[in-house]
Amino acid sequence: GGAADVAGDAPVPPANPAPADPAPAPSPAAPEPIAAPVSIIKPRPKPATNGNGHSNGHANGHRADAPGRPNGSDAPARSTATLRLRLPAARDFDVGVQLMQQVYEVLRENSGEDTVIIHLPRDNGTVLMKARSGVTCTDALIDRLSGILGPERVAVE
């Protein structure tokens, strides 16, 4: 340990190095590509059963005897929707965080079975994130999210 060991003298390799790209990086004056790349972040896998068709004995309080109906009730089966939220590119980090917090709070208040996909713009493309929890898509939910993000950034499929 002499002066050569001072932090910052040598570059630290990334934890997961990306494969080498033989193409040179585009210059800042290069035109914007027509289709930006999309990164998809997959949700964590659910715990597997023990292989005999039964779980590990740790029940979650839900009955599995009536597929398509919550808790085996007589409620009609409902197809699930996908809620897509396209977040704007935030020039200011704090503004982006506040926007995401507002969206998260509204989603949390409307939990349900519908899937939520969040489109997050990045410098090198768009990242798609699937929310861990679903929502119940209602007109009130869509109106609240449209008020936060703008109606052109909220879609139900």
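Residues numbered from 1 in each chain as written. Predicted model: local features only at pLDDT ≥ 70, side-chain atom pairs only at ≥ 80, totals over all residues. Heavy atoms only, no water.

**A short note on the overall build of the chain**
From N to C terminus, the chain includes 2 helices and 7 strands. For the chain, the α and β elements follow one another from N to C terminus as β-β-α-β-β-β-β-α-β. Each of the 157 residues in the chain was classed as buried or not, and the buried ones make up 19%. The long-range share in the chain, meaning contacts at least 24 apart out of those at least 6 apart in sequence, stands at 64%. When the accessible surface of the chain is totalled, it reaches about 12,600 Å², and 55% of it is carbon and sulfur. (Helix = DSSP H or I, 4+ residues; strand = E, 2+ residues; numbered from the N terminus. Buried < 20%, exposed > 50% of the residue type's maximum accessible area, 1.4 Å probe, protein only. Contact = heavy atoms within 4.5 Å. Areas by Shrake-Rupley, 256 points an atom, 1.4 Å probe, with all protein chains shown as cover.)

**Details of the side chain of R84**
Here R84 lies in strand β2 (residues 82-86). A distance of 3.1 Å separates polar atoms of two side chains, one belonging to R84 and the other to H119. Discounting residues that sit within four places of it in the chain, R84 has contacts with I117, H119, R153, V154, A155 and E157. (Polar contact = N/O pair within 3.5 Å; in protein donor to acceptor, adjacent residues only side chain to side chain.)

**As for the pairing of β2**
The two faces of a sheet get side chains in turn, since along a regular strand they alternate between them. Within β2, 4 of the 5 residues are buried, which leaves it mostly tucked inside the rest of the structure. Pairing analysis gives 5 bridges linking β2 to strand β4 (residues 115-122), with the strands arranged parallel. Looking at the pairing, L85 lines up with I118 of β4. Summarising the sheet, β2 and strand β7 (residues 154-156) pair through 3 bridges and their orientation is antiparallel. Opposite L83, over in β7, you have V156 as the bridge partner. (Pairing = 2+ DSSP bridges.)

**Considerations on the pattern of salt bridges**
All chains considered together, the criterion is met by 3 salt bridges. Here R84 makes a salt bridge to E157, at a shortest N to O gap of 2.9 Å. Of this pair, R84 sits in strand β2 while E157 sits in the segment after β7, placing them 73 residues apart in sequence. We classify E157 as exposed; its relative accessible area is 54%. Among the ionic pairs, E109 bridges to R144, the shortest N-O distance being 2.7 Å. (Salt bridge = Lys/Arg side-chain N within 4 Å of Asp/Glu carboxyl O.)

**Regarding helix α1 (residues 93-108)**
Relative to the 22 Å expected for 16 residues at 1.5 Å per residue, α1 spans 22 Å between its end C-alpha atoms, a close match to the ideal helical length. Listed in full, the buried residues belonging to α1 are G96, L99, V103, V106 and L107. In an axial view of α1, the angular spread of the buried residues amounts to 105°, which keeps them on one side of the axis. Those residues of α1 that are exposed and aimed more than 90 degrees away from the buried face are F93, Q101, Y104 and R108. In this structure, the buried side of α1 is in contact with β2, β3 (111-112), β4, β6 (134-135) and α2 (139-149). Put simply, D92 is the residue that caps the front of α1, since its side-chain oxygen is 3.0 Å from the backbone nitrogen of D94. (Expected span 1.5 Å × (residues − 1). Arc of directions from axis to C-beta.)

**Details of the nonpolar core**
Nonpolar side chains in soluble globular proteins tend to end up buried together. Core analysis: the biggest nonpolar cluster contains 16 residues, and L83, L85, V103, L107, V116, L145 and L149 have the highest contact counts within it. When contributions to this core are tallied by element, the ones reaching two or more residues are β2, α1, β4 and α2. Looking at this core element by element, the count peaks at 4 residues for α1. Residues within four places of V116 in sequence aside, it is in contact with L83, L85, L107, M129, K130, A131, S133 and V135. (Core = buried A, V, L, I, M, F, W, Y, C linked by side-chain atoms within 4.5 Å.)

Purely geometric stuff here, so don't read any function into it on its own.
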